[in-house]
Structures are given as structure tokens and as C-alpha cells.
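Coordinate inspection notes
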Amino acid sequence: MKLPDPPGPPPVDPPNPPTSETTTIVKARYAEIDKTASLVLNGVVQAPNAGTATRPVQTQPSQVVQYSLTVTNYGELASEKITVTDVLPAGTTYVAGSMSAVGSDSRITAASYNSTTRTLTWELNGLGITQATNRIVLTFRVTAPATAAIFENQAHLVDEER
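Cut-offs and rules
Residues numbered from 1 in each chain as written. Predicted model: local features only at pLDDT ≥ 70, side-chain atom pairs only at ≥ 80, totals over all residues. Heavy atoms only, no water. 1 Å grid on protein atoms, 1.4 Å probe; cavity = no way out; pocket = protein on both sides within 12 Å on 5 of 7 lines; lining within 4 Å. Points joined across faces, edges and corners; volume = space filled by probe spheres on them. Helix = DSSP H or I, 4+ residues; strand = E, 2+ residues; numbered from the N terminus. Contact = heavy atoms within 4.5 Å. Buried < 20%, exposed > 50% of the residue type's maximum accessible area, 1.4 Å probe, protein only. Core = buried A, V, L, I, M, F, W, Y, C linked by side-chain atoms within 4.5 Å. Polar contact = N/O pair within 3.5 Å; in protein donor to acceptor, adjacent residues only side chain to side chain. Pairing = 2+ DSSP bridges.

Observations concerning the layout of surface pockets
- Taken as a whole, the largest pocket encloses approximately 540 Å³ of empty space.
- In terms of lining residues, the largest pocket is bounded by 26 residues, among which Pro56, Val57, Ile150, Phe151 and Glu152 are the most central.
- Contributing elements (two or more residues each) for the lining of the largest pocket: strand S1 (31-41) and strand S3 (64-73).

Structural notes on the environment of Tyr113
- The residue Tyr113 is located in strand S7 (residues 108-114) in this model.
- Distance in space between the C-alpha atoms of Tyr113 and Thr85 is 9.6 Å, their sequence separation being 28 residues.
- In contact with Tyr113, not counting residues within four places along its chain, are Leu88, Tyr94, Met99, Arg118, Thr119 and Leu120.

Points about unusual backbone geometry
- The residue Asn42 is not glycine, and still its phi comes out positive at about 50°.
- Counting through the fold element by element, Asn42 comes out in the loop between S1 and strand S2 (44-45).
- With relative accessibility at 81%, the residue Asn42 sits in the exposed group.
- Backbone geometry places Ser62, a non-glycine residue, at a positive phi of 65°.
- Checked against the element boundaries, Ser62 lands in the loop between S2 and S3.

Some thoughts on the environment of Leu124
- Within the fold, Leu124 resides in strand S8 (residues 119-124).
- Classification of Leu124 by relative accessible area gives buried; the value is 2%.
- Put simply, Leu124 and Ile82 are 42 residues apart on the chain and 5.0 Å apart in space, counted from C-alpha to C-alpha.
- For Leu124, the residues in contact, after removing those within four places along its chain, are Val71, Glu80, Lys81, Ile82, Val84, Arg107, Ile108, Thr109, Ile136 and Leu138.

Focus on the side chain of Thr70
- By secondary structure assignment, the location of Thr70 is in strand S3.
- Residue classification places Thr70 among the buried positions, given a relative accessible area of 18%.

Brief notes about the nonpolar core
- Counting 24 residues, the largest nonpolar core has Val71, Val84, Trp122, Leu124, Leu138 and Phe140 as the members making the most contacts within it.
- Elements supplying a minimum of two residues to this core: S1, S3, strand S4 (81-87), S8 and strand S9 (135-143).
- With near-sequence residues (within four places) excluded, Trp122 lies in contact with Leu69, Ile82, Thr83, Val84, Met99, Ser100, Ile108, Ala110, Ala111, Leu138, Thr139 and Phe140.

Looking at the side chain of Ser38
- Within the secondary structure, Ser38 sits in strand S1.
- Of the polar contacts made by the side chain of Ser38, one reaches the backbone oxygen of Gln46; its length is 3.3 Å.
- Not counting residues within four places of it along the chain, the set of residues in contact with Ser38 comprises Val45, Gln46, Ala47, Pro48, Val64, Val65 and Gln66.

Overview of the pairing of S8
- Here S4 runs beside S8; their pairing, made up of six bridges, is antiparallel. If you follow Asp86 over to S8, its bridge partner there is Leu120.
- With six bridges joining them, S7 and S8 adopt antiparallel strand pairing. Its bridge partner lying in S8, Ala111 is registered against Trp122.
- Between S7 and S8, which pair antiparallel one after the other, the connecting turn spans four residues, and Arg118 there sits at a positive phi close to 60°.

Right, here's the structure in full:
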């Protein structure tokens, strides 16, 4: 009589099937705007001042103020289309022809002032990611109200992806 074979090693589970992982890296593009004001005395632009709600920039009645809007792309990708708008504060008067840019003017595709809505608009194309290409400074001037007043300027930025 033949004895049954001794039990063999326990069955081994087959190795885990290969898995597939997909990693998506989202490279962000985002721009921000920083605003300063400078008094203009006898045609000379004074040191910039960011001003705050508790310590606003002090002006004299009818004094010219130059605003500087620094637009910076902090993202990992170039910004393709940025629109900056600034509605002038009530009581101020836009100084005709004072819209300009410090940096590469070739990145400005349009710049305009609408006197009906009192809105300045710049359209920018191609803020890069290197220190040499990721920022542009937009400037304009207003005349302060003829009477003492507190006025606040607010600029807005839209960073559109195409």
C-alpha cells in the first residue's frame, strides 16, 4: 500500500499585479498687483509710499499724485493675458497722457482711459517666469481734489489663461 504524499508547501499567492499610477503636476500661473503712490512736487516724482488705511498718503489740494502698479507673475508658467483696471477715486482728475509703463512696453497690447467710467485699462501679454521678464510697472497720474478729502485708489487684475 502506498502512503499518500506528504502535504506540500502551502500555496503561494501570485505576486501583486502591476499597478499604474498617474501623477498630475499642476503648474500654477498667478499674478499679483502691488500699488504705491508718489507725490509730484514741481514736476519731480517723490519717493513711493504704499499708504495704509490708518496712515494714508498725505496730499495737498490739487496736488499731482503718481500711482505705480507693479504687476508680478509669481507662477511657474508665463501669464498669457492679464488685464489691469483702475477706476479713479471720486474727486480726482486723470492727468491726460500720463499712462506709461516701466519695463518692456512690448508686453502691453492695449492701454486706454475711459473718461465716462473714469477707468484706466491695460492689457498685458507674456509676463514670464524669470526675474527679468516676470514684472512690469504701470504708472499714471491724477490731480487730487481741490478741497481736503480722503480718497482711496483701488486697482484690479485679472490673469486669464488661454
